[in-house]
Amino acid sequence: MKKKTALTIAGSDSCGGAGIQADIKTMTVNGVYAMSAITALTAQNTTGVSDILEATPEFLAAQLDAVFTDIYPDAIKIGMVSSRDLIKIIAEKLRQYEAKNIVLDPVMVATSGSKLISDDAVETLCDDLIPLAAVITPNIPEAEVLSGMTIETDGDMEKAAAVIYEKYGCSVLCKGGHQISDANDLLFDGQSSKWFYGKRIDNANTHGTGCTLSSAIASGLAKGLPLEEAVKEAKVYISGALSAMLDLGQGCGPMDHAYVLKGGDDHE
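Residues numbered from 1 in each chain as written. Predicted model: local features only at pLDDT ≥ 70, side-chain atom pairs only at ≥ 80, totals over all residues. Heavy atoms only, no water.

Draft legend 1. Representation of the packing of aromatic side chains. Tallied over the full model, the rule gives 5 aromatic pairs. Here the aromatic rings of Y165 and F188 are separated by 5.7 Å at their centres, their planes lie at 90 degrees, and the arrangement is edge-to-face. With Y165 in helix α6 (residues 154–168) and F188 in strand β8 (residues 185–188), the pair connects residues that are 23 residues apart, well separated along the chain. Exposure remark for F188: the relative accessible area of 12% places this residue in the buried category. (Phe/Tyr/Trp six-rings, centres within 6.5 Å; stacked < 30°, edge-to-face > 60°. Helix = DSSP H or I, 4+ residues; strand = E, 2+ residues; numbered from the N terminus. Buried < 20%, exposed > 50% of the residue type's maximum accessible area, 1.4 Å probe, protein only.)

Draft legend 2. View of the nonpolar core. Counting residues in each nonpolar core, the largest one holds 48 residues, and the members touching the most others are I78 and L94. The element that contributes the greatest number of residues to this core is helix α3 (residues 84–96), accounting for 6 residues. Residues contacting L94, with those up to four places away along its chain left out, are I9, F68, I76, I78, A99, I102, L129 and L132. In this structure, L187, V231, Y237 and I238 belong to the second largest nonpolar core, which totals 28 residues. (Core = buried A, V, L, I, M, F, W, Y, C linked by side-chain atoms within 4.5 Å. Contact = heavy atoms within 4.5 Å.)

Draft legend 3. Region of interest: the packing of helix α8 (residues 209–222) against helix α9 (residues 227–243). Following both chains from N to C, one finds α8 and α9 inclined at 140 degrees, their axes separated by 8 Å at the closest point. In terms of orientation, α8 and α9 fall into the oblique class. Regarding α8 and α9, the two cross each other, and that crossing is right-handed. Every residue of α9 that contacts α8 at T209, T212, L213, A216, I217, G220 and L221 is listed here: L227, A230, V231, A234, K235, Y237, I238 and L242. (Axes fitted to C-alpha atoms, helices over the stretch in contact; angles between N-to-C directions. Parallel < 35°, antiparallel > 145°, perpendicular 65-115°, else oblique. Left-handed = near helix turned anticlockwise from the far one by under 90°.)

If you want it as structure tokens, here you go:
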């Protein structure tokens, strides 16, 4: 039986907790063959980012061509892309190769509220990339940007998800996190809403949770799971990775992506 494959289009995290490193670990542990197209190199650790070297649009295009013309991905995860030109290249190549099962983590606003990419990049993301996605995974601040709403309650999350679906035509997994409730996420697919309730895990080391969740969802879609089941399995996986209580670095450390390889199922 042919191995299922997934492609991550994202930045590199030199400390391995987020970005393509987290994506590759997640995809591998979740049973798919992982590939990557790197949008930027970062010099970062658990305390923050000290430098960024962005890929040129031409080189990103070359990476995407190399992957799609040889090992066609069954699913794609897109992470942080900070420039308008890179977003345009990704959208162009995804259309050219008729990419499927696209999971987009629309990294625009940190949970703290800090803006992470420029206004013109946000506009291009919304116009060119989001409409290609099967599902997007915004946090609350990002869902507020995409819906034009203020989100303060579970009901607001449901309204915002419906607005986002109406605007962009893709399913929405709105991540509640600690702003609304403890790791409770809402999936809206245009027909119905489904809440996924996460247990509270007392672990401050949450670096890369957004990358990991979207990559786990992409892994499920690559294996042919329906979206709801892919989200359910991804939530179980990320709970286990957090529950393993890995403690590395001096700041907000990474999760244990490989917890299942050492009997980590006991943590679920």
